[in-house]
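Residue strings, one per chain:
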Amino acid sequence: MATATAAIALTGVGLASATARAADGPTQSYAVINAPAQIAVPATGTAIAPDAGYSFADDGVDGLPLPENAKFVIDASGLKGIATIKAKNGQCTTDGAVVTCLDNGNLHGPFEPFTLSAVAGAKPGDTGTLRYEVTADKATPATETSKVVIGSPKIQVAALPARSGLTPGQSVDYPVVLRNTGDLPTEQITVRLTGSPGVTFAGKHSNCLYLPGDFGRDDADVTCVFKTAIAPGDTVGFSDPLGGSLGKDAFHTWTDITAEALPASSGTDTGGTPGKGAALTLTPATGKDFADSHRVTYDADNAADFLAVGAVLTPGKKGSTHPLAFGLRNAGPAVVAHPDGKPVAYAEVTLPEGVVAKSVRVDEEPDDQASGDCYTYTGGKTSPFEPGHRRYLCPDTVAEESGDGQMYRFQVGYEKDLAAGAARGTVTVRPGDGIVLNDPDESNDEAAITVGDASPSPSPSPSASGGTATPSPSASATSSVTSGTAGSMAATGAGFLPWVAAAAAAALGVGAIVFAMSRRRAE
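This one's a predicted model, so the numbers in the text were calculated from it and none came from an experiment.

### Some words on the overall build of the chain
Here's step 1: Assigned secondary structure in the chain consists of 1 helix and 40 strands.
Here's step 2: A burial count over the chain gives 49% of its 523 residues as buried.
Here's step 3: Considering only intrachain contacts with a sequence separation of at least 6, the fraction spanning at least 24 residues in the chain is 79%.
Here's step 4: Of the roughly 22200 Å² of accessible surface on the chain, a fraction of 51% belongs to carbon and sulfur atoms.

Here it is in structure tokens:
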């Protein structure tokens, strides 16, 4: 067989077995087993599929032969009277208490190779040992073990009441309550709170690690670790409510709270900066509506002035093509984010008569979470972008900081000669589904798209770059949509088009709201 000319990838997480190797690198590839240190098997008899597998590594040494005839053996003989094992993956077979998996040429362990289930009569707390071995021609073998425990602790969090009428800049707290709904005592617990834009946690407690949140803000994510035994059925709470505050731009904020029971051997370093004060502890408490996670909302009395950014097109001849940049901007003072990962707003554009779109490009900055496209909008319905129309609906990203905005760039074609002042279109800002802006100035929700500088207005932020279309928001709503108005939407209120929002959210690729916001302030 040909020798490997590149390093064999080492994949997987968990326990990685170590093999002694020469100081100048291995003389052949070596197996690495990746398996959990501890596996919890439900006492109910429900089967589980642990995440265990193998890979090979060569530490980057060139010229080593590829392993051949790899075999992964999982031996459950140490689980007699505790649990039974069965092959799950098609590459694996069961022989008594042993599952054997043959490599298919990929040189890594199959997905979910086996299942474990508790035997009748096994009790919470019963333990045994599961053994693994990987062998292969032209490779150093490896062995590993997992501790198997019947039963497990399970930590759930209580619901916290929503609050409204708060003041931007106000201090808030989070009196977290936990319950062990499992069948074994806990060994250690992690509790994580993740805040939306506008939420900041005080870096107070030494057993808590503080990180920037999903939206890139300082100390909007905190994980607290408790090495505490909580008996099944017991309810405890933070000895002091976790402290935080709402920023000056806070508006409709939320915080997600989750908790997890971990074996004592599990690492808990999530990164971040430890607090500088006394450690939080857990004390007896009461709570209700326990679940794996909860979201609590804290609303501040604030507002966000979303304004439309219009443009001026260059006069031109029939058949000519021109750039057009238009958009929207959050003039603040509040930051706006959508809790379900949907667009916070839309720019509805109606091009001037005689002008049709030919292509669209959405700026990756400042909003790299924008969907990257606009919808054709006709007869009150949306469809994927299609050239040749005048009316489109363009989704914003999932969050807009005060001062930020989003630009949409069309190439448009002229279907007739257009002189300065010959035609006019509009850009109108629409709030996203479920979004309440408390817009303090609805007069700037619409801006003009003109041909020639017929109605000069102040240069906006953000600005267009490249091309001859100069975006300019109107000082007031000077014109209504002049064509394609069938099924037109209200310009104010608590959002619109949930069916569009759902499609846009899918395009954004968000489910559990994990956002890397790399943003640029509008200039």
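Now that the structure has been shown, we can carry on.
### Some details on the packing of aromatic side chains
Here's step 1: Applying the stated criterion across every chain, the model contains 11 aromatic pairs.
Here's step 2: Here the aromatic residues Phe326, Phe385, Tyr392, Tyr408 and Phe410 are joined through ring pairs into a cluster of three or more.
Here's step 3: One residue, Arg163, lies across the ring of Tyr298, its end atom 5.5 Å from the ring centre.

### Regarding empty space enclosed by the protein
Here's step 1: Taken as a whole and assessed by the stated rule, the structure comprises 1 cavity of 30 Å³ or more.
Here's step 2: Forming the walls of the largest cavity are Ser196, Pro197, Ala250, Phe251, His252, Thr253, Trp254, Val335, Val336 and Ala337.
Here's step 3: The set of elements that each furnish at least two residues to the lining of the largest cavity consists of strand S23 (252-262) and strand S30 (336-337).
Here's step 4: Of the residues contributing to the lining of the largest cavity, the split by class is 7 nonpolar, 3 polar and no charged.

### Quick word on the sheet that holds strand S5 (residues 68-75)
Sheet strands pair by backbone hydrogen bonding; their relative direction is either parallel or antiparallel.
Here's step 1: The strand order S3-S12-S10-S5-S8-S7 describes an open sheet built from 6 strands, whose pairing is mixed. Pairing within the sheet leaves two strands with one partner each, and these edge strands are strand S3 (38-41) and strand S7 (92-95). The average undirected angle you get between the axes of adjacent strands in this sheet is 20 degrees.
Here's step 2: Here S3 pairs with strand S12 (residues 142-150) via 4 bridges, running parallel.

### A look at the state of the cysteines
Here's step 1: On inspection of all chains with the given rule, the structure shows 3 disulfides.
Here's step 2: Residue pairing for Cys208: its cysteine sulfur links by disulfide to Cys224, the two sulfurs lying 2.0 Å apart. Of note, the bridge from Cys208 to Cys224 carries an S-S torsion of about 105 degrees and is right-handed in sense. One end of the pair, Cys208, is in strand S19 (residues 208-211); the other, Cys224, is in strand S20 (residues 221-226), with 16 residues separating them in the sequence.
Here's step 3: In this structure Cys208 comes out as buried when scored by relative accessible area, which is 0%.
Here's step 4: Take Cys224: its relative accessible area is 0%, and that puts it in the buried class.
Here's step 5: Bonded cysteines in the chain are paired 1-2, 3-4, 5-6 when counted in the order they occur along the chain.

### Looking at the sheet that holds strand S29 (residues 321-333)
Here's step 1: Here we have 4 strands laid out as an open sheet, ordered S27-S29-S37-S32, and antiparallel in their pairing. Among the strands making up the open sheet, the edge pair consists of strand S27 (304-309) and strand S32 (355-362). Each neighbouring strand pair of the sheet contributes to a mean axis angle of 25 degrees, computed without reference to strand direction.

### Thoughts on the layout of surface pockets
Here's step 1: If you add up the space inside the largest pocket, you get close to 370 Å³.
Here's step 2: Residue lining of the largest pocket: 17 residues in total, with Gln38, Ala40, Ser152, Pro153 and Pro263 positioned closest to the centre.
Here's step 3: Its residues assigned to classes, the lining of the largest pocket comprises 9 nonpolar, 4 polar and 4 charged.

### Structural notes on the confidence of the model for the chain
Here's step 1: Residues with a pLDDT of 70 or more make up 79% of the chain, whose mean pLDDT is 83.
Here's step 2: Predicted confidence for residues 365-370 stays below pLDDT 50, and this span has 24 contacts to residues more than four positions away or in other chains.
Here's step 3: The low-confidence segment residues 456-523 (pLDDT under 50) makes 193 contacts with residues lying over four places distant or belonging to another chain.

### Considering the pattern of salt bridges
Here's step 1: Going through the model one piece at a time under the given rule, you end up with 8 salt bridges.
Here's step 2: The salt bridge involving Arg430 is made with Glu348; its shortest N-O contact spans 2.8 Å. A residue pair is termed long-range when its members are at least 10 positions apart, and Arg430 in strand S38 (residues 424-431) and Glu348 in strand S31 (residues 345-350) qualify at 82 residues.
Here's step 3: In this structure Arg430 comes out as buried when scored by relative accessible area, which is 5%.
Here's step 4: Taking relative accessible area as the criterion, Glu348 reaches 1% and is therefore assigned buried.

### Section: the side chain of Gln156
Here's step 1: Within the fold, Gln156 resides in strand S13 (residues 155-157).
Here's step 2: Polar contacts involving the side chain of Gln156 include one to the side chain of Asp292, which spans 3.1 Å.
Here's step 3: For Gln156, the residues in contact, after removing those within four places along its chain, are Val177, Leu178, Arg179, Thr181, Phe290, Ala291 and Asp292.

### Focus: the nonpolar core
Here's step 1: By size, the foremost hydrophobic cluster in this structure holds 36 residues, and its most contacted members are Phe306, Leu324, Phe326, Leu351 and Phe410.
Here's step 2: Sort the elements by how many residues they give to this core and strand S37 (residues 405-414) lands first, with 4 residues.

Definitions and cut-offs
- Residues numbered from 1 in each chain as written.
- Predicted model: local features only at pLDDT ≥ 70, side-chain atom pairs only at ≥ 80, totals over all residues.
- Heavy atoms only, no water.
- Helix = DSSP H or I, 4+ residues; strand = E, 2+ residues; numbered from the N terminus.
- Buried < 20%, exposed > 50% of the residue type's maximum accessible area, 1.4 Å probe, protein only.
- Contact = heavy atoms within 4.5 Å.
- Areas by Shrake-Rupley, 256 points an atom, 1.4 Å probe, with all protein chains shown as cover.
- Phe/Tyr/Trp six-rings, centres within 6.5 Å; stacked < 30°, edge-to-face > 60°.
- Lys NZ or Arg CZ within 6 Å of the ring centre and 35° of its normal.
- 1 Å grid on protein atoms, 1.4 Å probe; cavity = no way out; pocket = protein on both sides within 12 Å on 5 of 7 lines; lining within 4 Å.
- Points joined across faces, edges and corners; volume = space filled by probe spheres on them.
- Nonpolar A, V, L, I, M, F, W, Y, C, P; charged D, E, K, R; others polar.
- Pairing = 2+ DSSP bridges.
- Axes fitted to C-alpha atoms, helices over the stretch in contact; angles between N-to-C directions.
- Disulfide = S-S within 2.5 Å.
- pLDDT = per-residue confidence, 0-100.
- Salt bridge = Lys/Arg side-chain N within 4 Å of Asp/Glu carboxyl O.
- Polar contact = N/O pair within 3.5 Å; in protein donor to acceptor, adjacent residues only side chain to side chain.
- Core = buried A, V, L, I, M, F, W, Y, C linked by side-chain atoms within 4.5 Å.

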